[in-house]
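# A structural walkthrough
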Amino acid sequence: PATILPIAAVAEFPVISGAEAEYGRNSGAIVNIVTKSGTNDLHGSLFEFFRDDALGARNYFNTEPNPKSPFRNNQFGGSLGGPLQKDKTFFFLAYEGQRESVGLPSLTRVPSQNEINAAIAANGGQVNPVTGALLARNPWPTPNRTPDENGNNLETTTQGSNRVDSLIAKVDHHFGEADLLTVRYFYGDSDQSFPLALVGGGNLPGYNTITPTTVHLASASFTHVLSPKLLLEVRAGYNRFWETFSPEDQGFDPRTIGLNTVSDARDFGLPLVRVSGYAPVGANLSLPRGRTDSNYQFFTNLSRNAGRHNLKFGY
């Protein structure tokens, strides 16, 4: 989500079939994205796209009298391009942002107070101190409906959100008629909160997966026309991708209620707790996790047009 190229920056999408060797690994489905460049005239654009639950129908599973689940999505941005030096140097800037807020309605089953009291009585009136401390945290909403045939006694809405900010800047400089230098930088930053703990979690609110992501991408290319039939191209690129997955309640230390599951609580939040027949509580089993990837590229191409044949060499 953090790598959404601003739509205002896209000039075209060339689709390549029977890809050349320079693309490597995948022989099909090569799609290039060509970004716009500035011109001698100053041009700009602004846009806003939105969806709102006030203009849409109620979710089928979001029944009355419960509040209508929210759905709001705003995508907005703009671009500006023009000359830094007429006929020689041009710039282009584009930005796109997204703000999304959703509510996911679901039916589930949680223990009622009567069931909890019955379980305590069946245990001779004794309450395990860890269980008691967990229940004192009110880990689930109060049942709000008559149980259906599956025992579901709770309709709840789990909130989700998404924030994305993407920016790209590009400068083109022409050295006479034969040489072109292009420098480009892209920055993407997002922060998401996934309902249902992304995957493998429960549908009770409070246990989403939080996913911040940051992307940096810089590239430079230089092309030189050696002759009407010979073209030299030199390119370099760097990109850095950082992303983590953490539980929504990462600030909670399970040792405070006697759950000594780890020697260092770090940012695990409440461990995933399952009781047969009821909705689980706690974070996804795979959290926390994350990674940082850094990649470098450098290559040179020499292209020659030889009548009916095109020859390309490079490394």
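Refer to the preceding data block for the structure.
Before going into details, it helps to say that this report is about the structure given with it. Worth saying up front: this structure is predicted, and the values here are computed from it rather than measured. (Residues numbered from 1 in each chain as written. Predicted model: local features only at pLDDT ≥ 70, side-chain atom pairs only at ≥ 80, totals over all residues. Heavy atoms only, no water.)

Okay, the environment of Arg289 next. Looking at where Arg289 falls in the secondary structure, it is placed in strand β12 (residues 289–306). The partly exposed category is assigned to Arg289, whose relative accessible area is 36%. Put simply, Arg289 and Ser246 are 43 residues apart on the chain and 6.9 Å apart in space, counted from C-alpha to C-alpha. Reaching out from Arg289, the side chain makes a polar contact with the side chain of Ser286 at a distance of 2.6 Å. (Helix = DSSP H or I, 4+ residues; strand = E, 2+ residues; numbered from the N terminus. Buried < 20%, exposed > 50% of the residue type's maximum accessible area, 1.4 Å probe, protein only. Polar contact = N/O pair within 3.5 Å; in protein donor to acceptor, adjacent residues only side chain to side chain.)

Applying the stated criterion to the full structure yields four aromatic pairs. For the pair Tyr238 and Tyr296, a centre-to-centre distance of 4.9 Å together with 40° between the ring planes defines the contact as tilted. With Tyr238 in strand β11 (residues 230–247) and Tyr296 in strand β12, this residue pair connects regions lying 58 residues apart in the sequence. Residue Tyr238 is classed as partly exposed on the basis of its relative accessible area, which comes to 27%. Their ring planes at 50° and their centres at 6.4 Å tell us that Phe298 and Tyr315 sit as a pair that is tilted. Separated by 17 residues along the polypeptide, Phe298 in strand β12 and Tyr315 in the segment after β13 (309–314) bring together distant segments of the chain. Its relative accessible area of 49% is what places Phe298 among the partly exposed residues. Residue class for Tyr315 comes out exposed when judged on its relative accessible area of 62%. Between Arg137 and the ring centre of Phe252, over which it is positioned, the NZ or CZ distance is 3.7 Å. The lysine or arginine in question, Arg289, covers the ring of Phe245, its NZ or CZ lying 4.2 Å from the ring centre. (Phe/Tyr/Trp six-rings, centres within 6.5 Å; stacked < 30°, edge-to-face > 60°. Lys NZ or Arg CZ within 6 Å of the ring centre and 35° of its normal.)

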